[in-house]
Amino acid sequence: MVVRTDARPEIGYGHFFRCLALMEAMVEAGADCTLAGAAPDYMAAEAAAFGRVAMPGGMADWEHAPFVDAVDRADLLVTDLYEIGADWQVRSPAPVLAIADPPLPSLHCDLLLMPASFDAPA
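What you see is a predicted model; the values in this text were computed from it and never measured. (Residues numbered from 1 in each chain as written. Predicted model: local features only at pLDDT ≥ 70, side-chain atom pairs only at ≥ 80, totals over all residues. Heavy atoms only, no water.)

(A) Fine view of the overall build of the protein chain. A count of helices and strands for the protein chain gives 4 helices and 6 strands. Shown N-terminal to C-terminal, the secondary structure of the protein chain runs as helices and strands in the order β-α-β-α-β-α-β-α-β-β. Taking 122 residues into account, the globule formula puts the C-alpha radius of gyration at 14 Å, and the protein chain, at 14 Å, falls close to it. C-alpha atoms of the protein chain, sized along the principal axes, occupy 45 × 30 × 30 Å. Across the protein chain, the fraction of contacts at a sequence separation of at least 24, relative to all contacts at a separation of at least 6, is 40%. Each charge class in the protein chain can be summarised by its mean position, and for the 6 positive and 18 negative side chains these summaries are 5 Å apart. (Helix = DSSP H or I, 4+ residues; strand = E, 2+ residues; numbered from the N terminus. Rg over C-alpha atoms; globule rule 2.2 N^0.38 Å. Contact = heavy atoms within 4.5 Å. Lys, Arg positive; Asp, Glu negative; His and termini not counted. Charge placed at Lys NZ, Arg CZ, Asp CG, Glu CD.)

(B) A look at the pairing of strand 5 (residues 96–99). Residues Val96 and Ala98 point to one face of strand 5 and Leu97 and Ile99 to the other, with burial holding for every one of them. As judged from the 3 bridges shared by strand 4 (residues 77–80) and strand 5, these two strands associate in the parallel manner. The residue bridging Val78 from the neighbouring strand is Leu97, located in strand 5. Where strand 5 lies against strand 6 (residues 111–113), 3 bridges are found, and the strand directions are parallel. (Buried < 20%, exposed > 50% of the residue type's maximum accessible area, 1.4 Å probe, protein only. Pairing = 2+ DSSP bridges.)

(C) Summary view of helix 1 (residues 14–28). With 15 residues, helix 1 extends 21 Å between its outermost C-alpha atoms, agreeing within 8% with the 21 Å of an ideal straight helix rising 1.5 Å per residue. Among the residues of helix 1, His15, Phe16, Cys19, Leu20 and Met23 are the ones counted as buried. Angular distribution of buried residues about the axis of helix 1 spans 125°; they occupy a single face of the element. Looking at the buried residues of helix 1, the elements they touch are strand 1 (2–5), strand 2 (34–36), helix 2 (44–47), strand 4 and strand 5. (Expected span 1.5 Å × (residues − 1). Arc of directions from axis to C-beta.)

(D) Spotlight on the sheet that holds strand 5. Here we have 6 strands laid out as an open sheet, ordered 3-2-1-4-5-6, and parallel in their pairing. Sheet topology places strand 3 (51–53) and strand 6 at the edges, where each strand pairs with a single neighbour. Averaged over neighbouring strand pairs, the angle between their axes works out to 20° when direction is ignored. Each of strand 1, strand 2, strand 4 and strand 5 touches helix 1; the most contacted strand, strand 1, lies at about 170° to it. Against the sheet, helix 3 (residues 65–73) touches strand 1, strand 2, strand 3 and strand 4, its axis set at about 135° to strand 1. (Axes fitted to C-alpha atoms, helices over the stretch in contact; angles between N-to-C directions.)

(E) Looking closely at the environment of Gly85. Relative to the elements of secondary structure, Gly85 occurs in the loop between strand 4 and helix 4 (86–89). The buried category is assigned to Gly85, whose relative accessible area is 8%. Separated by 21 residues in the primary sequence, Gly85 and Ser106 have C-alpha atoms spaced 5.7 Å apart. Among all residues touching Gly85, those that are not within four sequence positions of it are Ser106 and Leu107.

Laid out in structure tokens, this is it:
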């Protein structure tokens, strides 16, 4: 499983922390997990428990050979980042689990997880 997320002051750390919880649970269940993205410096020890793909910054992910190679070998790609939408996800050869909060962007995923609490329309 490859998890594409980031933790940066301008977007916050929530994406990273919910992905960290998912990766910890998956490793406990026997899965191999690779983190593709930025982790806060103070979480370096926790992030080191997983495979890592250093990302170049921006959203040039699909031009970054180490990322593409990791996704090519993955059985699942997890995305949790505001900048990721359908045009990005459709390029994945692996099934995509999108973690997103409302309002939802245009997505192209096999499974959607919406962890935020919100009121459903009547």
